[in-house]
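# Descriptive analysis of the structure
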Amino acid sequence: MTHLRSEEINDEFDGDTLHEECGVFGILGHQDAATLTALGLHALQHRGQEAAGIVTFDGRQFRTEKRMGLVGDHYTDPAILAKLPGSIAIGHTRYSTTGEVALRNVQPLFAELEVGGIAIAHNGNFTNGLTLRRQIIATGAICQSTSDTEVVLHLIARSRHSSTVDRFIDAIRQMEGGYSMLAMTRTKLIAARDPTGIRPLVMGELDGKPIFCSETCALDIIGAKYVRDVENGEVIICETQPDGSISIDARKPANPQPERLCLFEYVYFARPDSVVGGRSVYVARKNMGINLAKESPVEGDVVVPVPDGGTPAALGYAQQSGIPFEYGIIRNHYVGRTFIEPTQQIRAFGVKLKHSANRAMIEGKRVVLVDDSIVRGTTSLKIVQMIRDAGATEVHVRVASPMIFYPDFYGIDTPNADKLLANQYADVKAMAKYIGADSLEFLTIDGLYRAVGGENRNPARPQFTDHYFTGDYPTRLLDKNGETAGLKLSVLATGG
């Protein structure tokens, strides 16, 4: 698996984390479609570790394999891949942002409709999914899963358009929020991105065959070529023709909106070797550290990252400040998420299950500890104490993103606002005292914008989605603020 941020170190024990979203991958016209999809999902594993699913079509029928757990635990088995013949496939690796973890929720979801079979997978969250679910249930619909992805299937089934593509477009035009979606029929692979472009989606090519996936790292793992990003609000239809060729039709909204990519893709979610929105994630994170050193300098003897999320920023901080970079914390890569039951008896182990201090680099030194973000702060407290126990004379915490004040509704699993560290204390000094640091500073919102996009934030028209820092939500929040606010359904969960 890829980077594991500091706030996730102890998430089994106290939920101090921003969880990943989900990852999607699809390919059309390749004889090794299922194998390539499994490899692509493996590269996207960091976006969701709860479950994975793949759907293929073999020329006669759709084939589905869904498994709880990691991609590598199941889809490296030749026997499982043999159950997925066909030259078209879509796959999904999942983290549910709310509700139950169950096999029935694992995507892609499949349905037989009047116009034929269709499978759908998406990354993100619909902010009006609950509202639409209530409406379709009230008219007699039966929901088999607890995923809001199923709402899209119902809307496709109910559409009055004749073609599958027009029905699909009709359905997603009714959805609000942030999402990247893939759909497949017997002959088509369809990709769609939300009108604001909150969630990423890229198009690639392998042996002349089209591919869509959440990040470019999934193209790299199979040796595919990056073609371009799917534009916000765009729907791309790839279809196998009778002569074996593949047609590609791109449909764009009549009134396009400015794109606002999620800043947390750069801060944390995307893999550092990915290119998101034409920008290197690694370079952006290193720039965050450089800007952090400019904004919040401090005297120190060593710059230490909280691995793995804080490493690029720590390199940037060290480069700009001239303070040596050292691995003062060593991560144990062989401890799984279910290594040990989170009983009260072993809670004291906490951070040490996955990280340990490198005393030789810390003892007797003033440590500048760099992390990518802080959510609740409970894990930061334990990390700082671990550094002090290893003999640090001072611990100065520097965070390569702004303070998080607001919850997310576009696919990031955030704690309630009152649980966020920034909302629990009057100022940064009080926060520093809570986590036990000699000082604590965060990157400013303009410092983050410059690191990613090269210019300050435009308050009149923000270039990125940044509501968790600013409260400026890019879409309306119908389920939260509308008449369905507070409504509980026994089968409600987001689709990832």
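Everything discussed here concerns the structure shown above.
Summarised in this report is the structure supplied together with it. (Residues numbered from 1 in each chain as written. Predicted model: local features only at pLDDT ≥ 70, side-chain atom pairs only at ≥ 80, totals over all residues. Heavy atoms only, no water.)

Moving on: the sheet that holds strand β4 (residues 88-94). Pairing within the open sheet is antiparallel, and its 7 strands lie in the order β3-β2-β4-β1-β10-β9-β11. Every interior strand has two partners, whereas the edge strands, β3 (62-68) and β11 (225-229), have only one. Sheet twist, expressed as the average angle between the axes of neighbouring strands with direction ignored, equals 15°. In the sheet, strand β9 (residues 202-206) pairs with β11 via 4 bridges, with the strands oriented antiparallel. Among the inter-strand pairings, G204 is bridged to a residue of β11, identified as Y226. Lying on the sheet, helix α2 (residues 33-43) is in contact with β1 (23-28), β2 (51-57), β4 and β9; it crosses β4 at an angle near 25°. (Pairing = 2+ DSSP bridges. Helix = DSSP H or I, 4+ residues; strand = E, 2+ residues; numbered from the N terminus. Axes fitted to C-alpha atoms, helices over the stretch in contact; angles between N-to-C directions. Contact = heavy atoms within 4.5 Å.)

It is worth spelling out the pairing of strand β22 (residues 439-442) at this point. As defined by bridge partners, strand β21 (residues 394-399) adjoins β22 across 4 bridges and the pair is classed as parallel. Bridge assignment links H396 to a residue of β22, and that residue is S439.

So, about the environment of E326. With respect to the helices and strands, the residue E326 is situated in the loop between α11 (311-321) and β18 (329-331). Owing to a relative accessible area of 30%, E326 belongs among the partly exposed residues under this scheme. For the pair formed by E326 and V303, sequence separation is 23 residues and the distance between their alpha carbons is 6.1 Å. With near-sequence residues (within four places) excluded, E326 lies in contact with V302, V303, V304, P305 and M361. (Buried < 20%, exposed > 50% of the residue type's maximum accessible area, 1.4 Å probe, protein only.)

Next up on the list: the packing of aromatic side chains. Considering all chains together, one arrives at 14 aromatic pairs under this definition. Summarising the aromatic geometry, the rings of F405 and Y406 are spaced 6.3 Å apart at their centres and angled 55° between planes, so their arrangement reads as tilted. Judged by relative accessible area, which is 28%, F405 ranks as partly exposed. Relative accessible area serves as the criterion here: at 33%, Y406 is assigned to the partly exposed category. (Phe/Tyr/Trp six-rings, centres within 6.5 Å; stacked < 30°, edge-to-face > 60°.)

What follows deals with the pairing of strand β8 (residues 188-193). In terms of burial, β8 is largely enclosed, as 6 of its 6 residues are buried. The alternating pattern of β8 places K188, I190 and A192 and L189, A191 and R193 on opposite faces, both of which are buried. In this structure, strand β7 (residues 177-184) lies alongside β8, joined through 5 bridges in antiparallel fashion. Within β8, the position partnered with M181 by the bridge is A192. Where β7 hands over to β8, the hairpin turn is made up of 3 residues, counted between the paired strands.

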